[in-house]
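For reference, the chains in residue letters:
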Amino acid sequence: MDFNDLAQMVISGDNKGAESWTQEALDSGVEPAAIIDSGLIPGMEEVGRRFKSAEYHMPEVLISARAMKASLALVRPLVTDSGIEPKGRVAIGTVRGDLHDIGKNLVGMMLEGAGYEVNDLGANVAPEAFVDAVENGGADLICLSALLTTTMPMMNSTIEALTQAEVRGRVGVMIGGAPVNQAYADQVGADGYAPDSATAVEVADALMKKRAAG
Amino acid sequence: MVGRSRSPGRGTPVSMSHRERVVKALNHEETDRTPMDFGGGPATQIHPDAYVALLAHLGLEPEELIEGARGEGQVVVPSEDVLLRFDVDVRPAQLRQPDVRPRTRIDELSYFDEWGVRWEKAFFTAPDINVEGPLQGLVDPAISAVDSIDWPVPDDPGRVRGLRDRVEELRRNTDYAIVLNLPNSTFALSQRLRGFTELLEDLLLNEPFAEAVQERVTDVICGIATTALKEVGDLVDGVAFGDDMGIQTQSYLSRELYRKMIKPHHARFVGTLHSLTDARVIMHSDGSIRELLGDIIDCGVDVINPVQTNATGMEPGRLKAEFGKDVCFWGGIDTQKVLPFGSPDDVAREVRDRIGDLGAGGGYVVASVHNIQSEVPPENVVAMFDTVRESG
């Protein structure tokens, strides 16, 4: 089977096609991990590229992510059963006091499409929930989103909570959202900042590499 | 009559009434000074925390706060004392809740609106966010599903009760420009009803259903606009509505999809407004909308608000050069970085720069890009409005 076909189904948002291709591939003995690495990830990489260059807009990205998820739903349980580790574990959420979740959802989809296991904590997430995701959920990366200048300081509070709980050293922290920038990331001691969802994948990859290098 | 515009103790000499200044600017003509708005048009109000600090800074007595357009606790309408202090040129006219299905509070932090959409906020002074709509959760719905929910009653008399009296009084006793603020338009309302992700997916995957929802929404908002403009269409200078079409880096939809699925509704709605009033039509859309702006202008929009200058492709000089002949700009003073985190000098520079690029030859009303947020220092609010008067 040609992995490129699956990648194209993701790119064009062919939900049913991606699902039946995946089922057929699994039935014929294709390695589950290969479906992710050779079909879904290249497909979502191309979607991210097109979104970044404004060739794709949100509707196209959303239907691509839906196709990716339809395939992943079949593959994920098999990969988990076989004990293969994901590229990294991410806990993502919009900080406490902020209910905006569109940007956060997009970043989560892109990270999932890039091979990360994504634990979406939702919106209005308390600092303690992020701490718990590290302590008990084994998160390698924390992604914090805020749309409001009013809720940006909660990023700082969340990072402080991680420090207080003595888990800050175990986890990389990325931040994003309209009013946030690199200077703010430096100010609150975040490890990375991404201005958009495609860049978020690059930043996550760089942080994981840095962590692996120890 | 308040008479000619006053400039208490500062600023350049003025020769126009407030209304004349706004009307001329929106007619692409030069004015004695650039007009400014605080609380008149869409999303130009102020967070209560910032407002209380502003009152103290100005040496004004604490006031009973007047709830703003977004709902309790989030924005307030600046009082006449404050507007007089800054010599603001615009005053708002607002619709009220309908008699049938007015806003229904669930608890202190959530409510249903007349469309059956549930809104929530995280704490009392945080913004309300729409969290669930009555068409959300339907999987591959048929067109007939639009008939399964209760739709607002467009000519509900509650919306316009007392409206004409309020506007007539403003018109009789003041010389301010008056902007009638209408509800949101087709795209935003359809998203709330169907869910954000669901509607965007429907636009590509279930076009007939998306179209059926949007058609019905446009019917309702045209009806609401008709009800309102029959009352005050002859008295107002601007009529404003909102429909966010952009995110920080690009428009929500490609130009092709906008033209196919949304533009016909915007054209119908704006056409309805123009058929009922001579007032200028002001459309509010956050985000990067440069890709769609030519088509939005095509629909008959006269004024675009808020000109989110730090979004991709929204550089003010470029927008003015490309679209300035065909559309006016209302807003432009950055609320993501300059107003909250800049110094008063930074704010003054921002205002002078915008008057220089967006204001050249008329066609510009100075206002913040969005409601003034809670942490904006009062010194910056003062710098914004005083610079307008000092700059001429």
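Residues numbered from 1 in each chain as written. Chains lettered and ligands numbered in written order. Predicted model: local features only at pLDDT ≥ 70, side-chain atom pairs only at ≥ 80, totals over all residues.

Moving on to the interface of chain A and chain B. Opposite the 20 residues of chain A that make contact, chain B presents 26 residues. It is helix α4 (residues 58-81) of chain A that provides the largest number of residues to the side of chain A that touches chain B, a total of 5 residues. Residue classes in the side of chain A that touches chain B are distributed as 9 nonpolar, 7 polar and 4 charged. (Contact = placed C-beta atoms within 7 Å. Helix = DSSP H or I, 4+ residues; strand = E, 2+ residues; numbered from the N terminus. Nonpolar A, V, L, I, M, F, W, Y, C, P; charged D, E, K, R; others polar.)

Here the focus is helix α3 (residues 32-52) of chain A. Residues that lie three or four places apart on an α-helix share one face, since the helix turns once every 3.6 residues. Residues and elements named next belong to chain A. For α3, spanning 21 residues, the distance from its first C-alpha to its last is 29 Å, which sits close to the expected 30 Å at 1.5 Å a residue. Approximately 30° is the largest bend angle found in α3, and it occurs at Leu40, with the proline Pro42 only one to four residues beyond. Here α3 has its buried residues at Pro32, Ile35, Ile36, Gly39, Leu40, Ile41, Gly43, Met44, Val47, Gly48 and Phe51. Positioned one or two residues after α3, Ala54 has a phi angle of 65°, which is positive. (Expected span 1.5 Å × (residues − 1). Bend = angle between axes of the 7 residues up to and from the residue. Buried ≥ 20, exposed ≤ 12 C-beta atoms within 10 Å, placed from the backbone.)

Predicted coordinates in areas of low pLDDT are best not read in detail. All names here are of chain B. Summary statistics for chain B give a mean pLDDT of 94 and a share of 96% for residues scoring 70 or more. Taken as a whole, residues 1-9 scores under 50 in pLDDT and shows 16 contacts with residues more than four places along the chain or in a different chain. Interface predicted TM-score (ipTM) for the complex: 0.89; the corresponding pTM is 0.91. (pLDDT = per-residue confidence, 0-100.)

Formed by 178 residues in total, the largest nonpolar core has its most connected members in Val10, Ile142 and Met174 of chain A. At 12 residues, helix α7 (residues 207-232) of chain B tops the list of elements feeding residues into this core. Split by domain, the residues of this core number at least three in each of domain 1 (3-81) and domain 2 (89-213) of chain A. With near-sequence residues (within four places) excluded, Met174 of chain A lies in contact with Leu141, Cys143, Ala190, Asp191, Gly192, Tyr193, Ala194, Ala200, Val203, Ala204 and Leu207 of chain A. (Core = buried A, V, L, I, M, F, W, Y, C linked by C-beta atoms within 7 Å. Domains from an automatic or database assignment.)

Another aspect to go through is the sheet that holds strand β3 (residues 110-112) of chain B. All names here are of chain B. Pairing is antiparallel across the open sheet formed by 4 strands, whose spatial order is β2-β3-β4-β5. Only two strands of the sheet have a single partner each, and these edge strands are β2 (104-107) and β5 (129-132). Looking at each pair of strands side by side, their axes are set apart by 35° on average, direction ignored. (Pairing = 2+ DSSP bridges. Axes fitted to C-alpha atoms, helices over the stretch in contact; angles between N-to-C directions.)

All names here are of chain A. Inspection of the secondary structure assignment puts Met109 in helix α5 (residues 102-113). Residue Met109 is classed as buried on the basis of its 23 C-beta neighbours within 10 Å. With 83 residues separating them in the primary sequence, Met109 and Gly192 have C-alpha atoms 18 Å apart.

Moving on, we get to the domain arrangement of chain A. Residues and elements named next belong to chain A. Here the domain parsing of chain A yields domain 1 (3-81) and domain 2 (89-213). Those elements that provide at least two residues to the side of domain 1 that touches domain 2 are α3 and α4. For the side of domain 1 that touches domain 2, the element with the highest residue contribution is α3, accounting for 8 residues. Here the side of domain 1 that touches domain 2 is composed, by residue class, of 8 nonpolar, 1 polar and 2 charged.

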